[in-house]
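Here is what each chain is made of, one letter per residue.
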Amino acid sequence: MSAPHPFSVAMLLADARLPGGGHAHSAGLEPALLAGMAPADVPVWLRGRARTVSLVEAGTAVVTAHLLSHPPVGTSAQTHLSAVVDAWAARTPSAALREAAHLLGRGYRRVARSLWSHRPPVQALEAWTGPLPRAVVLGAIAAAAGLRSEDVVRLTVYEDAQTAAAALLKLEPLDPLAPAQWVLEACAAAEPHVLRVAACLTPEDIPASGAPQNEGWAEAHALLTQRLFRA
Amino acid sequence: MSMSTATRTEPLTTSVSVEAPTAPGAPVQVRTTDGLLAVRTVRRDRVVAEVALVATGAVLLGGDHVVVRVSVADGCALTITDVGGTVAYDADGVPSLWDIIVTLGHGSQLSWLGLPFVVAEGADVTRSTTVRAEAGAQLALRETIAWGRAGERGGHALLRTEVHDARGPVVVEEIRASGHEQVPGVLGAARVLDTALVLGELPDPGEVALGDLCAGGSGGTYWARAARAALWDLAAGAHPDLTALRPARGGLLLRWLGPAAHLSPLERALER
């Protein structure tokens, strides 16, 4: 059987119809709105995410893919995974956000296991006993399916923005095409950073661009009982 | 005001290093170097030193590169106090750098509850804080960044924090913000980012604190243990806009976003 083109794989991963568990998440939108952010601020907030937290996730996926595709001689895949997971965790000081990423990682691991179980990068995940953030699992899928690093970055930015946009339609009444425009604007805001993030090779290279207000909102949201989304 | 014609470009290093006494019963050794900031040793005894940092002239100007190196040897303790806050002045966009490099030995303690660092209109500051801590090191580090003096929106700042312990990275973070671009999710409408970083868990009430052994007559100097206890207490309470983050590797990152430094709950918790 011939392999699908990496572009087809990217479309599959970006498609909300893929049962990966993303529908339970709002990419920080519900926490932001519940904390009092005005719905009118959503476009600028999305562009801010695209230049900050999305790049941390994207860099984590890129470095994971690189290390699982080109393992230096003498080090095991588990050693690499451990270093990437530590670097990501240090860049994600919010326990609520780490937990949300682990839940998404669990869903993505099921996808990876079903579709690429015979590929060494995905097999490396099987030997890992702890939780893995989504970005690391995405990196393993990217390595298994031959996704280009630039497209891993674009996919991560798009997925984050589109997740928030889809959640917005459930939380606020508005023209459903308006958020689509904002998603594209968020992607455009990240574009100047795409090549830099795609060039990351080691865990130290992963961007650390933080968004403190998002972290505060996520922590407060995790304590609420009345919420539509997990995070 | 233009500073672009007379800029300093060489890094000027201020350093303070606390080392074990040379003889039993002797005080710890304190070695210092003055740069754009000068070090005044306030007092020292068998385990603890206290120093004050004093600006030697107008800092921070465009082109300035301040480096502060702090090193605390195994089992020693250091308290640093800032004598005044710092203003990164209007430099017509000429960049300036402020690097803090901290090295903490096994079981050492550092308390540095800094005064506000103001990013004035027209300043473009890159500020980095790098901490390397060995096992058992305890740290209470407060950094308050304010965008703009009264009536100003404030300049550009890139704040980089990198904390490593003996096992690997604890916190790695880069925050970019400008008084001229409010980004919801990053700082939103806040003008002040107040952060306290704590390494070491909540002190056990029975813990023998190095500072307490010799704090008699200190006038309420905050030793690392007291500061850590106050910050862990603060994290356990509920304060609007205060976020208590727990890095995966342990420790505590307390953060408050607000309109003015004096309104921060960190200010009240650490009141001397």
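What comes next concerns the included structure. Here, residues in each chain are numbered from 1, in the same order as that chain's written sequence. Lettering for chains starts from A, numbering for ligands starts from 1, and both go in the order in which the items are written. With pLDDT at 70 or above as the cut-off, local features in this predicted model cover only qualifying residues; side-chain atom pairs require 80 or more to be listed or tallied, and sums for whole chains, interfaces and linings still use all residues. The side-chain quantities take in all heavy atoms of the structure and omit both hydrogens and water.

Points about the layout of surface pockets
So, point 1. Considered as a void within the structure, the largest pocket measures approximately 860 Å³ in volume.
So, point 2. Grid points spaced at 1 Å over the protein atoms alone were grouped into cavities, where a 1.4 Å probe fits but cannot get out, and pockets, open sets with protein on both sides within 12 Å along at least five of seven lines, with lining residues defined by an atom within 4 Å of a point. Around the largest pocket, the lining comprises 42 residues; the ones closest to its centre are Gly216(A), Trp217(A), Ala220(A), Asp241(B) and Thr243(B).
So, point 3. Only helix 2 (29–34) and helix 11 (212–222) of chain A together with helix 1 (224–236), strand 16 (242–245) and strand 17 (252–258) of chain B provide two or more residues apiece to the lining of the largest pocket.
So, point 4. To qualify as a helix, a DSSP run of H or I must reach at least 4 residues; to qualify as a strand, a run of E must reach at least 2; elements of each kind are numbered from the N terminus. Sort the elements by how many residues they give to the lining of the largest pocket and helix 11 of chain A lands first, with eight residues.
So, point 5. Classes in brief: Ala, Val, Leu, Ile, Met, Phe, Trp, Tyr, Cys and Pro nonpolar; Asp, Glu, Lys and Arg charged; the others, Gly included, polar. Of the residues that constitute the lining of the largest pocket, the class distribution is 26 nonpolar, ten polar and six charged.
So, point 6. Grid points are joined across faces, edges and corners, and a volume is the space filled by probe spheres set on the points. The volume enclosed by the second largest pocket comes to roughly 670 Å³.
So, point 7. Counting residues per element, the lining of the second largest pocket draws most heavily on strand 14 (residues 168–178) of chain B, which supplies five residues.
So, point 8. By residue class, the composition of the lining of the second largest pocket is 15 nonpolar, eleven polar and ten charged.

Focus on the pairing of strand 9 (residues 109–113) of chain B
Residues and elements named next belong to chain B.
So, point 1. Residue burial is assigned from relative accessible area. The probe radius is 1.4 Å, only protein chains are included, and a residue is buried under 20% of its type maximum, exposed over 50%, and partly exposed in between. In terms of burial, strand 9 is largely enclosed, as five of its five residues are buried.
So, point 2. Neither face of strand 9 is open: one carries Gln-109, Ser-111 and Leu-113, the other Leu-110 and Trp-112, and all of them are buried.
So, point 3. Across four bridges, strand 6 (residues 77–82) lies against strand 9 in parallel orientation. Note on strand 9: the bridge partner recorded for Thr-79 is Ser-111. In this analysis, strands are considered paired if DSSP registers two or more bridges between them.

Quick notes on the packing of helix 3 (residues 42–51) of chain A against helix 10 (residues 177–198) of chain A
Residues and elements named next belong to chain A.
So, point 1. Axes here refer to lines fitted to C-alpha atoms; in helices the fit is confined to the stretch in contact. Angles between the N-to-C directions go from 0 to 180 degrees. For the pair helix 3 and helix 10, the least separation of the axes is 8 Å and the interaxial angle reads 30°. Looking at the two axes, helix 3 sits roughly parallel to helix 10. Crossing angle aside, the handedness with which helix 3 passes helix 10 is right-handed. Counted together, Val-42, Pro-43, Leu-46, Arg-47, Ala-50 and Arg-51 of helix 3 and Trp-182, Glu-185, Ala-186, Ala-189, Ala-190 and His-193 of helix 10 form the full contact between these two elements.
So, point 2. Of the residues in the contact of helix 3 with helix 10, the class split is eight nonpolar, one polar and three charged. Each angle is binned into one of four classes, with values under 35 degrees roughly parallel, values over 145 roughly antiparallel, values of 65 to 115 roughly perpendicular, and all other values oblique. Left-handed describes a crossing whose near helix is turned anticlockwise from the far helix through less than a right angle; right-handed describes the clockwise counterpart. We call two residues contacting when some pair of their heavy atoms lies within 4.5 Å.

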